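Structural overview for review
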Amino acid sequence: MKKGLLYSGIIVLLVLIGAVLWLNNDISKKQEEGNNNGVVSKNFVEMSDENPTFDEWGKNFPDYLDMYLTVEREKPMETDFGGNLSYSKLIRYPQLTILWAGYPFSIDANEERGHFWVQVDQMDTARNNKDFLNSHGFAGFGGQPTACMNCHSGWSPWLIKNTQGENDREKWVAFNSTKYWTMIKNIPAVNGHKEGSSEHSGPHGGKRMGVTCADCHTPNNMSLRLTRPAAINALIARGYEKDPEQGVKATREEMRTLVCSQCHVEYYFRPTGEKIKVMGESIANDPTKKWWNGTQKTYDEFDSWRDGNKPTQIEVNGLELVFPWSEWRKGQAFRIEMFDDYYDKIRTIFDKDWTHKLSGAPMIKIQHPESELYSGGVHAANGVSCTDCHMPYIRKGAKKMTQHNITSPLQNINAACKTCHTQSEEYLKSQIKDIQNSIAHDLRTAEYAIVSLIKDTQTIRKDLGEMPKYQTDGKADVSKINDVLKEVLELHRKAQMRADFVGAENSTGFHNPREASRMLLQAVDMARMGQTKLVEIANANGIKDFKTSDLTFEDIQKFNPGEIRYKVDLNGHKAGDRYYKHDNINGSPSQRLLDKDKNLKPYNYENIDK
């Protein structure tokens, strides 16, 4: 009897111990899921920076991989000022062909279509096609450097690590200074792909792979990290302290924005002032290989080694990718004047991205400065990170997960906005639309004013060039004309920097409407001031009947370039052939968008406010 009671007690005790251990394990697991937002690896594969592909890492995180690949599978769709339908921005906004005259963006600029596609689109764009650009009037284009690949390819950290050089600095400069099409040939074949196969060239782990898990996460514990040297260098210049694992010392909440700031920024390619040795191609020594214009090929515009082409070593001018942030200190809200100050200070090193073809101004092309604009907005002031809105928490069963189909908050207002805002979904959507419509109106006003300035400057340049005092040996002297137009050219440069900032920034001003509006008001003021100075120059030089322009929507539409087509027979294509083989790339935007733009400038409130 006593033994029976003893055995019963032992069994009960063991059950209780087992229950406690199970409960403890369950609590620990839930705590782990809470701390990592549901990121618990299935441990099917060992993740490593030697294979940073999302197909490999995704074996451990199938739910996240499935979300990320949504943009690959879904039908492209447009929103009022974005979406992932890759229509031609030049058709929707023909003023860009004038604003960017003399720069490859004036030939090809399409609406972006998501992180999965960034490397595909970078390789396919006409801006990365030397023969095409040379045959379209860009005789000086010698091919893009690998610096362009920093943000487009998930293989960039691996390539930097494996580029020739004695230390990290040398590898970094050599990576940026190598030709784009040379560097891309070095991406290894992984995941069972064969060297040179279509899979090796594809977006799933191959040479056309875009952003991947490894760009933002460490392989051992999936914590957030910075992997791009330009971002780390820029943040240290702003006042951050370097960290060996996550790039810079920052809180997890800060990192939820900083990982996006690796790429969603303004940048430029800064010359290092030194000659360096980088990888070249033996095709440069094959006299049978010529570009369209008859000059010797120095690289093969193809993603694999072929036809006996082999890597060689050459010497080139060094350059590195730099974010112009040293005037923007840690803890400050960004102001556009910080770019003015920065670029003015480095003019002896880097004075321009290009010389404007029509006005002659030394121009800066602003890229996608979401980080800068967001920094001074109300969301940043309240501690809201990029991921809170663009990668909001969602529920999948009992798990709390971060949405990895990185997209507009408008796609899921409930998850992205209503965790903080109590208003209805329709009210929030209408507020966003109102802000974007207002900024879009300001942006169109600024762009039209700058195009008017450009056209007027072009007219005055021609008139001055016909005067003996502005000629040398009977021909217009560019330096003499530039000297008299110096103030006008500076106003064009800085006005367009502001309009280009808001136009290139992907929120149509929503990240900080006040700063966006302030910039655009400055841009209009500078453009009109430039026209006033042109009147003064015309009067001072006896140019009669000069009148300033004020281009309208109808005037701007005359610059519509249509879809990109070949001008000459080139590389198997006939003159007149469409450049893009896929119909959903570089097409026309919908008539709805074109009608909307017509009503935005001037602001037809009866239509816009419906």
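What counts and what doesn't
- For every chain, the first residue of the written sequence is number 1, and numbering continues from 1 along that sequence.
- Confidence filtering applies because this is a predicted model: local features only for residues at pLDDT of at least 70, side-chain atom pairs given and counted only at 80 or more, and all residues used for totals across whole chains, interfaces and linings.
- As a rule here, side-chain values cover all heavy atoms of the structure and leave hydrogens and water aside.
- Only DSSP runs of H or I reaching four residues or more are called helices, and only runs of E reaching two or more are called strands; each is numbered from the N terminus.
- Radius of gyration here is computed from C-alpha atoms only, and the compact-globule reference equals 2.2 Å multiplied by the residue count raised to the power 0.38.
- The contact criterion used throughout is that any non-hydrogen atoms of two residues lie within 4.5 Å.
- Residue burial considers only the protein chains on display, and all accessible areas are found by Shrake-Rupley using a 1.4 Å probe.
- When charges are counted, Lys and Arg are positive and Asp and Glu negative, with His and the chain ends excluded.
- Working definition for charges: the position is that of NZ of Lys, CZ of Arg, CG of Asp or CD of Glu.
- Only buried residues count toward a nonpolar core, which is a set of Ala, Val, Leu, Ile, Met, Phe, Trp, Tyr and Cys residues joined through side-chain atoms within 4.5 Å.
- Think of it in three bands: with a 1.4 Å probe and only protein chains considered, a residue is buried below 20% of the maximum accessible area for its type, exposed above 50%, and partly exposed in between.
- Salt bridge criterion: a side-chain nitrogen from Lys or Arg within 4 Å of a carboxyl oxygen from Asp or Glu.
- The quantity known as pLDDT measures the predictor's confidence residue by residue, on a range of 0 to 100.
- Multiplying 1.5 Å by the residue count of a helix minus one yields the expected span of that helix.
- Between rings of Phe, Tyr and Trp, where Trp is taken as its six-membered ring, a pair exists when centres lie within 6.5 Å; planes separated by under 30 degrees are stacked, by over 60 edge-to-face, and by other angles tilted.
- Lysine and arginine charges are scored as sitting over a ring when NZ or CZ, respectively, is within 6 Å of the ring centre and within 35 degrees of the ring normal.
- Orientation is described by axes fitted as lines to C-alpha atoms, over the contacting stretch for helices, and by angles from 0 to 180 degrees between their N-to-C directions.
- Roughly parallel refers to an angle under 35 degrees, roughly antiparallel to one over 145, roughly perpendicular to one between 65 and 115, and oblique to any angle outside these ranges.
- Definitions for this section: a left-handed crossing has its near helix turned counterclockwise from the far helix by less than a right angle. A right-handed crossing has that turn clockwise.
- Under this definition, polar contacts are N or O atom pairs within 3.5 Å; protein pairs additionally need one hydrogen-donor-capable and one acceptor-capable atom, and for neighbouring residues in sequence, both atoms have to be side-chain atoms.
- Pairing between strands requires that DSSP locate at least two bridges from one strand to the other.

The next thing to look at is the overall build of the protein chain. Looking only at helices and strands, the protein chain features 25 helices and 12 strands. By the compact-globule yardstick of 25 Å for 610 residues, the protein chain fits well, its C-alpha radius of gyration being 27 Å. Dimensions of the protein chain, computed from C-alpha atoms along their principal axes, come out at roughly 125 × 65 × 45 Å. Of the contacts formed within the protein chain by residues at least 6 apart in sequence, a portion of 69% connects residues at least 24 apart. For the protein chain, the accessible surface area stands at approximately 29,000 Å², while carbon and sulfur atoms represent 53% of it. Taking the average location of the 79 positive side-chain charges in the protein chain and that of its 81 negative ones, the two points are 1 Å from each other.

A few words on the nonpolar core. In terms of nonpolar packing, the biggest core is built from 121 residues, with F323, F339, Y343, I460, L464 and F501 touching the most fellow members. For this core, the element with the highest residue contribution is helix α19 (residues 425-465), accounting for 12 residues. Apart from the residues within four sequence positions on either side, F501 is in contact with F334, I336, F339, I366, P369, E372, L373 and M519. If you look at the next biggest cluster of nonpolar residues, it comprises 12 residues, including I107, A126, L133 and I564.

Applying the stated criterion to the full structure yields 38 salt bridges. Salt-bridge contacts for D215 lead to R228; the nearest nitrogen and oxygen are separated by 3.0 Å. Pair noted here: D215 is in the loop between α11 (180-183) and α12 (229-238) and R228 is in the loop between α11 and α12, with a separation of 13 residues, a long-range link. Exposure class is identical for D215 and R228. Each is buried. With a shortest N-O distance of 2.7 Å, R578 and E563 are connected by a salt bridge. Note that R578 is positioned in the loop between α23 (553-557) and α24 (591-600) and E563 in the loop between α23 and α24, a separation of 15 residues in sequence. Residue R578 is classed as buried on the basis of its relative accessible area, which comes to 18%. In this structure, a network of salt bridges that share partners links the residues E78, D80, R592 and K596.

Another aspect to go through is unusual backbone geometry. Following K601, the chain continues into P602 via a peptide bond in cis, with omega recorded as 5°. Looking at the secondary structure, you find P602 in the loop between α24 and α25 (605-608). Phi at N571 takes a positive value of approximately 50°, unusual for a residue other than glycine. By secondary structure assignment, the location of N571 is in the loop between α23 and α24.

Relative to the helices and strands, N607 is located in helix α25. What makes N607 partly exposed here is its relative accessible area of 36%. Separated by 12 residues in the primary sequence, N607 and D595 have C-alpha atoms spaced 9.7 Å apart.

Confidence in the prediction of the protein chain, expressed as mean pLDDT, is 93, and 94% of residues score 70 or more. Segment residues 20-35: pLDDT under 50, and 5 contacts once partners within four positions in sequence are set aside and those in other chains are kept.

Attention now moves to helix α22 (residues 513-540). Under the 1.5 Å per step criterion, the end-to-end length of α22 is 40 Å for 28 residues, consistent within 8% with the ideal 40 Å. G542 lies just past α22 and shows a positive phi near 70°.

Attention now goes to the packing of aromatic side chains. Remark: the centre distance and the inter-plane angle together describe each pair of aromatic rings, the angle taken between the planes. The final tally for this structure, using the stated rule, is 27 aromatic pairs. Ring centres of Y103 and F105 lie 5.8 Å apart, and the angle between their planes is 10°; on these two criteria the pair is classed as stacked. Across this residue pair, the class does not change: Y103 and F105 are buried. Ring centres of Y343 and F350 lie 6.4 Å apart, and the angle between their planes is 40°; on these two criteria the pair is classed as tilted. Residue classification places Y343 among the buried residues on the basis of a relative accessible area of 1%. On the basis of relative accessible area, F350 is assigned to the buried category, the value being 9%. Counting every residue linked through ring pairs, the aromatic cluster contains Y268, F323, W325, W328, F334, F339, Y342, Y343, F350 and F501. Between the NZ or CZ atom of R238 and the centre of the ring of W325, over which it lies, the distance is 5.7 Å. Across the ring face of Y393, the terminal group of K400 is positioned such that the distance to the ring centre comes to 4.3 Å.

Right, let's talk about helix α21 (residues 486-504) for a bit. Its 19 residues give α21 an end-to-end C-alpha distance of 26 Å, which sits within 8% of 27 Å, the value for a rise of 1.5 Å per residue. Most of α21 is tucked away: 15 of the 19 residues are buried.

Interhelical geometry of α19 versus α21 gives an angle of 150° and a closest axis separation of 10 Å. Comparing the axis directions of α19 and α21 gives the class roughly antiparallel. Considering only the axes of α19 and α21, their crossing is left-handed. Between α19, through I439, L443, A446, E447, I450, L453, I454, T457 and R461, and α21, the contact on the second element is made entirely by V488, L489, H492, A495, Q496, A499, V502 and G503.

It is worth spelling out the side chain of E320 at this point. As for its position among the elements, E320 is in strand β6 (residues 311-322). A distance of 3.1 Å separates polar atoms of two side chains, one belonging to E320 and the other to W172.

A few words now on the pairing of strand β10 (residues 399-402). Every other side chain in a regular strand lies on the same face of the sheet, so the side chains alternate between the two faces. Note: strand β9 (residues 393-396) against β10, 4 bridges, orientation antiparallel. Within β10, the position partnered with Y393 by the bridge is T402. Counting the residues that bridge the hairpin from β9 to β10 gives 2 residues, and of these G397 lies at a positive phi of roughly 65°.

By the secondary structure assignment, H404 is in the loop between β10 and α18 (413-416). Every residue in contact with H404, bar those within four places of it in the chain, is listed here: Y64, M67, Y68, H217 and M391.

Running from amino to carboxyl end, α21 crosses α22 at an angle of 155°, the nearest separation of the two axes being 8 Å. When the interaxial angle is binned, α21 and α22 end up roughly antiparallel. Here the hand of the crossing between α21 and α22 comes out left-handed. In this structure, α21 contributes E487, V488, L491, K494, A495, R498, A499, F501 and V502 to the contact, and α22 contributes A516, M519, L520, Q522, A523, M526, A527, M529, G530, K533, L534 and I537.

The topology assignment puts N220 in the loop between α11 and α12. When the C-alpha positions of N220 and M47 are compared, they lie 7.3 Å apart, and in sequence the two are 173 residues distant. Of note is the side chain of N220, whose polar atom sits 3.3 Å from the side chain of T218.

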